[in-house]
Amino acid sequence: LDKENGNTLWADAMTRERTNTQCTFNVLDEGAPPPRGFQKITCHMIFDVKLDAGFTRKARYVADGHKAAAPDVMTYASVVSRDSVRIVLTLAALNGLDLQSGDVK
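Structural notes, computed from the coordinates.

Thresholds applied
Residues numbered from 1 in each chain as written. Predicted model: local features only at pLDDT ≥ 70, side-chain atom pairs only at ≥ 80, totals over all residues. Heavy atoms only, no water. Patch = residues over 30% accessible without salt bridge, like charges linked within 9 Å, V, L, I, M, F, W, Y side chains within 5 Å. Areas by Shrake-Rupley, 256 points an atom, 1.4 Å probe, with all protein chains shown as cover. Salt bridge = Lys/Arg side-chain N within 4 Å of Asp/Glu carboxyl O. Helix = DSSP H or I, 4+ residues; strand = E, 2+ residues; numbered from the N terminus. Buried < 20%, exposed > 50% of the residue type's maximum accessible area, 1.4 Å probe, protein only. Phe/Tyr/Trp six-rings, centres within 6.5 Å; stacked < 30°, edge-to-face > 60°. Expected span 1.5 Å × (residues − 1). Arc of directions from axis to C-beta. Contact = heavy atoms within 4.5 Å.

### Some thoughts on a nonpolar patch on the surface
Taken together, Val-80, Val-85, Val-88, Leu-89 and Leu-99 make up a surface patch of nonpolar side chains, about 420 Å² in accessible area. Looking at where Val-85 falls in the secondary structure, it is placed in helix α3 (residues 82-94). When its relative accessible area of 35% is taken as the criterion, Val-85 is described as partly exposed.

Right, dumping it as structure tokens:
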């Protein structure tokens with residue numbers, strides 16, 4: 001696309017992503033054993049255009065985590081959206097309800 005458009009916007013976006021994520025990778029020497037519990041998974045790039053004034057190009061390097069086996073002890077913590085929390089708090093306040101939270105396993 002950059003070649004067709006005569007610019008380097010996508011190449012620059014991929015370079016920024018490689019620079020930002022480089023510190024998270026530990027490349028092993030040839031023949032070195034992988035760490036205990038290692039699972040090989042594939043990765044790919046996700047591309048997007050931000051709808052700001054400059055239509056900034058974004059590239060994200062993501063792992064195909066759905067291809068990995070789940071660990072014995074799950075460490076995943078889901079995140080609720082801010083809008084969902086605000087809606088629940090508003091409904092509770094309007095209906096005079098008490099709120100409680102907890103961890104569901």
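Continuing now.
### Observations concerning the packing of aromatic side chains
A complete count under the given rule lists two aromatic pairs for this structure. Judged by centre distance (5.5 Å) and plane angle (90°), the rings of Trp-10 and Phe-47 are edge-to-face. Of this pair, Trp-10 sits in helix α2 (residues 9-21) while Phe-47 sits in strand β1 (residues 43-49), placing them 37 residues apart in sequence. Looking at Trp-10, the relative accessible area reads 15%, which means it is buried.

### Observations concerning the pattern of salt bridges
Throughout the structure, instances matching the rule amount to one salt bridge. Linking Glu-17 and Arg-60 is a salt bridge whose minimum nitrogen-to-oxygen distance equals 2.9 Å. A residue pair is termed long-range when its members are at least 10 positions apart, and Glu-17 in helix α2 and Arg-60 in strand β2 (residues 57-63) qualify at 43 residues. Under the relative-accessibility criterion, Arg-60 is labelled partly exposed at 37%.

### Description of α2
Taking 1.5 Å of rise per residue, the 13 residues of α2 would be expected to cover 18 Å, and the 19 Å separating its terminal C-alpha atoms lies within 8% of that figure. What α2 keeps buried is the set Trp-10, Ala-13, Glu-17 and Thr-21. Along the axis of α2, the buried positions cluster into a sector of 60°, meaning they face one direction only. Here the buried face of α2 lies against α1 (2-5), β1 and β2.

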